[in-house]
Amino acid sequence: MSGSGSGEANESTSLISTTRLPVADTRDFRKRYVIPHSGIENSSSSTGNQRANMSGRQEEQVDNNYVTEEVEEELKYGAEHVIKLFIPVSLCMLVVVYTINTVSYYTVKDMYLPYTPFHETSSDTDVKLWNAIGNSAILICIVIIMTCVLIALYKYRFYKVIHGWLILSSLLLLFVFSAVYLNELLIAYNVAMDVYTMNFIIWNFGVVGMMCIHWKAPLILQQGYLIFIAAQMALVFIKYLPEWTLWAVLMVISCWDLVAVLAPNGPLRILVETAQQRNEQIFPALIYSSTVIYQVVSMALPQEEENPTPPAPTSPGDPESGFTRDWVNTRAERVQSRNHTILQEVQNPSQSARRRTVSNTVPQQESEAPHRYFGEEDRGVKLGLGDFIFYSVLVGKVSSYGDWNTTLACFVAILIGLCLTLLLLAIFKTALPALPISIGFGLIFYFGTDNFVKPFVDTLATQQIFI
Amino acid sequence: MSSPQHAMSGPEDTQMSTTDNAAPGGPKRPNPNKTLQVCRYYFLGGFFFLPCLWLVNVLWFFPEAFGHADLPSGDPTDDDAEKETRRKRIRGLTRRYVIISAVGALVWAVVLGVWNYLYQTRRSEWGEWGDAVSAIIPRGKP
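Residues numbered from 1 in each chain as written. Chains lettered and ligands numbered in written order. Predicted model: local features only at pLDDT ≥ 70, side-chain atom pairs only at ≥ 80, totals over all residues. Heavy atoms only, no water.

Caption draft 1: Up close: the confidence of the model for chain B. All names here are of chain B. Residue-level pLDDT values for chain B average 74, and 70% of them are 70 or greater. Looking across chain B, the model is least confident in helix α1 (residues 4-22), with a mean pLDDT of 34, and most confident in helix α4 (residues 81-126), with 90. Here residues 1-28 is a poorly scored stretch, pLDDT under 50, and it has 25 contacts once near neighbours within four places are set aside; other chains count. In the model output, the complex is listed with pTM 0.70 alongside ipTM 0.75. (pLDDT = per-residue confidence, 0-100. Helix = DSSP H or I, 4+ residues; strand = E, 2+ residues; numbered from the N terminus. Contact = heavy atoms within 4.5 Å.)

Here you go:
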């Protein structure tokens with residue numbers, strides 16, 4: 001890298017020396033020549049012929065430098081966003097792991113979904129395996145169907161239907177599931193709570209959440225709510241899916257993610273491309289964004305004059321019996337509504353301007369420079385809430401076995417997977433599936449640690465061997 | 001639901017949003033009128049037993065209402081007196097909403113705090129009514 005760089009530098013210095021510009025290396029060259037170009041332009045009007053003769057080659061040179069620097073910049077920029085995504089993903093996992101370890105409600109298997117008709121009650125491994133495969137096949141079919149329905153609705157501009165669907169499901173999550181969660185949390189800590197305060201908390205929490213997700217609110221609040229929703233959904237999966245089925249579902253869903261995003265006619269790819277074509281943002285309830293621009297754009301969607309507080313149930317009643325019905329009916333919607341893609345904001349006009357500059361002449365490049373920096377501030381990385389959910393499902397499930405080594409291994413594996421995905425994102429600059437690498441690593445690390453590393457370490461410990 | 005006019009309203013909305021976004025000032029400083037409207041909705045929404053909305057309103061719009069007072073907007077067309085007065089009016093209204101919201105949220109906090117203090121300390125003394133009012137009765141505690 002450095003060798004080629006110096007080679008380039010020599011070449012460009014030789015080029016420059018012919019034009020008698022007093023610069024020694026490429027960086028310097030750029031600084032003195034490209035950026036404050038206007039001065040040179042004016043002064044060089046007398047030497048116009050000379051410039052015209054060699055400008056072609058020189059531009060090429062400048063462009064090369066420009067490209068490498070741009071890549072560097074982008075990687076640096078990407079690293080910043082890795083951190084920006086690490087925090088929410090870690091927070092989501094933390095909430096789930098914490099809940100799994102404090103609230104026993106979410107680890108007790110007393111109910112199952114109708115989508116998973118096989119309950120893995122047999123002790124026979126073969127039967128369990130078949131149960132898991134059957135369950136996950138049914139679930140993945142539902143996910144595929146729901147995804148296709150959503151894409152069709154989006155494609156044919158049934159925005160109202162989609163919004164209604166999303167509002168309904170977030171209503172359910174924010175009120176009913178939050179109520180159950182609060183209830184169980186208080187029971188776990190054995191704290192007394194009166195009805196009024198409880199209803200008050202749930203009502204306030206739910207309404208503020210609805211306003212954050214579907215209307216306007218400070219970005220940080222919205223992000224918090226999205227993380228909370230994802231955590232709730234992950235807890236629900238952990239509670240209601242049989243053990244083997246859950247692992248099978250994780251595997252299958254990451255494969256589906258791969259297909260849905262990367263296949264030429266994959267539904268999520270269509271979703272992303274259509275959204276880019278229409279120059280609009282994907283629905284706020286589906287995607288976590290690390291920057292403010294998405295919120296500003298989506299903020300203006302509902303323009304009604306009416307009061308924004310949505311009519312919502314204050315008291316969910318008896319959550320145990322009351323919620324499962326509704327919940328079961330819309331669960332698949334939730335699964336599907338959390339469709340997962342990382343996507344980078346590409347509709348930013350300055351980005352295309354940037355692309356253009358690479359092949360453009362020097363003066364224009366200079367004029368684009370301020371826009372470039374402005375544009376970079378706006379660009380953000382987005383992660384589908386589905387990714388949050390399934391990452392958390394994996395870590396939460398692992399932590400429910402009570403082994404902290406394995407939990408940490410999976411946590412790190414998922415974050416590394418996310419890192420790699422973001423790296424690929426910086427390279428390919430298209431929407432990428434965020435599940436396969438992370439979940440793949442997570443699964444490998446879980447089964448690896450559980451089956452090989454842990455027995456190995458245990459044996460070492462019992463035999464008093466130190467390595 | 002699937003009538004054409006409904007299907008059409010989606011693109012209209014997005015059109016509006018893109019024009020909003022393109023407005024000078026960028027995403028950080030949206031149209032002051034719009035800001036005022038959002039503030040107002042939050043303020044009104046708070047009356048439905050939603051002091052959390054008031055709290056958000058206060059925290060969110062406090063800089064708008066009180067921060068860097070009378071700072072010129074930087075827009076050169078903003079100099080004329082009419083716009084100046086309009087800006088002042090918007091600022092005044094925002095300020096009023098924020099203040100009332102803050103007071104309301106504070107009142108709610110006090111009320112809830114007192115009630116919860118009474119409830120947590122005297123629940124067992126209240127006997128049957130205390131149980132009736134409880135959503136969760138802790139085990140093993142009086």
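Caption draft 2: Spotlight on helix α2 (residues 32-45) of chain B. The first and last C-alpha atoms of α2 of chain B sit 20 Å apart over 14 residues, in line with the 20 Å expected at 1.5 Å per residue. For α2 of chain B, the full list of buried residues reads Lys34, Thr35, Leu36, Val38, Cys39, Tyr41, Tyr42, Phe43 and Gly45 of chain B. (Expected span 1.5 Å × (residues − 1). Buried < 20%, exposed > 50% of the residue type's maximum accessible area, 1.4 Å probe, protein only.)

Caption draft 3: Region of the structure containing the pairing of strand β4 (residues 381-384) of chain A. Residue and element names in this part refer to chain A. Alternating residues of β4 divide into Val381 and Leu383 and Lys382 and Gly384, and every residue in both groups is buried. For strand β2 (residues 287-289) and β4, the ladder comprises three bridges, and the chain directions are antiparallel. Within β4, the residue paired with Ser289 across the bridge is Lys382. (Pairing = 2+ DSSP bridges.)

Caption draft 4: Expanded view of the pattern of salt bridges. Residues and elements named next belong to chain A. Under the definition given, this model contains three salt bridges over all chains. Across the pair Asp403 and Lys454 runs a salt bridge whose closest N-O atoms are separated by 3.9 Å. Taken as a pair, Asp403 in the loop between α15 (385-400) and α16 (404-428) and Lys454 in helix α17 (residues 435-463) lie far apart in primary sequence, 51 residues in all. On the accessibility criterion, Lys454 (29% relative accessible area) is partly exposed. Between Lys454 and Asp450 there is a salt bridge; the shortest N-O distance is 3.6 Å. Of the two residues, Lys454 and Asp450 both sit in helix α17, four residues apart, roughly one turn of that helix. The network of salt bridges with common partners includes Asp403, Asp450 and Lys454. (Salt bridge = Lys/Arg side-chain N within 4 Å of Asp/Glu carboxyl O.)

Caption draft 5: Looking closely at a nonpolar patch on the surface. Judged by side-chain polarity, Val412, Ile416, Leu420, Leu423, Leu424, Ile427 and Phe428 of chain A come together as a nonpolar surface patch covering roughly 600 Å² of accessible area. Checked against the element boundaries, Ile416 of chain A lands in helix α16. (Patch = residues over 30% accessible without salt bridge, like charges linked within 9 Å, V, L, I, M, F, W, Y side chains within 5 Å. Areas by Shrake-Rupley, 256 points an atom, 1.4 Å probe, with all protein chains shown as cover.)

Caption draft 6: Spatial organisation of helix α8 (residues 219-240) of chain A. The terminal C-alpha atoms of α8 of chain A, which comprises 22 residues, lie 32 Å apart, in line with the 32 Å expected from a rise of 1.5 Å per residue. Among the 22 residues in α8 of chain A, 19 count as buried, and that is most of the element.

Caption draft 7: Inspection of the packing of aromatic side chains at higher detail. Residue and element names in this part refer to chain A. Evaluated as defined, the whole model comprises 30 aromatic pairs over all chains. Ring geometry for Tyr105 against Tyr106: centres 5.0 Å apart, planes inclined by 85°, an arrangement best described as edge-to-face. A relative accessible area of 4% places Tyr106 in the buried class. Consider the rings of Tyr181 and Phe228, whose centres lie 5.9 Å apart with planes at 80°: the pair is edge-to-face. With Tyr181 in helix α6 (residues 159-189) and Phe228 in helix α8, this pair connects stretches of sequence that are 47 residues apart. Aromatic ring contacts, followed pair by pair, group Tyr105, Tyr106, Tyr181, Phe205, Tyr225 and Phe228 into a single cluster. Across from the ring centre of Tyr105, 4.4 Å away, lies the NZ or CZ of Lys239, which sits over that ring. Sitting over the face of the ring of Tyr154, Arg278 holds its NZ or CZ atom 5.0 Å from the ring centroid. (Phe/Tyr/Trp six-rings, centres within 6.5 Å; stacked < 30°, edge-to-face > 60°. Lys NZ or Arg CZ within 6 Å of the ring centre and 35° of its normal.)

Caption draft 8: Region of the structure containing the environment of Leu118 of chain B. Residue and element names in this part refer to chain B. Within the secondary structure, Leu118 sits in helix α4. A relative accessible area of 28% places Leu118 in the partly exposed class. Not counting chain neighbours up to four residues away, the residues in contact with Leu118 comprise Arg123 and Trp126.

Caption draft 9: Quick look at the packing of helix α5 (residues 125-155) of chain A against helix α9 (residues 243-262) of chain A. Residue and element names in this part refer to chain A. Interaxial distance between α5 and α9 falls to 8 Å at its minimum, and their mutual angle equals 40°. What the angle tells us is that α5 and α9 run oblique. Crossing geometry of α5 relative to α9 is assigned as right-handed. The residues of α9 that touch α5, namely those facing Thr125, Lys128, Leu129, Asn131, Ala132, Asn135, Ser136, Leu139, Ile140, Val143, Ile144 and Thr147, are Trp244, Thr245, Ala248, Val249, Val252, Ile253 and Trp256. The class makeup of the residues in the contact of α5 with α9 is twelve nonpolar, six polar and one charged. (Axes fitted to C-alpha atoms, helices over the stretch in contact; angles between N-to-C directions. Parallel < 35°, antiparallel > 145°, perpendicular 65-115°, else oblique. Left-handed = near helix turned anticlockwise from the far one by under 90°. Nonpolar A, V, L, I, M, F, W, Y, C, P; charged D, E, K, R; others polar.)

Caption draft 10: Seen up close, the nonpolar core. Residues and elements named next belong to chain A. Of all hydrophobic cores here, the largest spans 127 residues; its most connected members are Leu250, Phe388, Tyr391 and Leu394. Top element by residues in this core is α6. It accounts for 16 residues. Setting aside residues no more than four positions away along its own chain, Phe388 makes contact with Pro88, Val89, Cys92, Ile227, Ala230, Tyr288 and Leu383. (Core = buried A, V, L, I, M, F, W, Y, C linked by side-chain atoms within 4.5 Å.)

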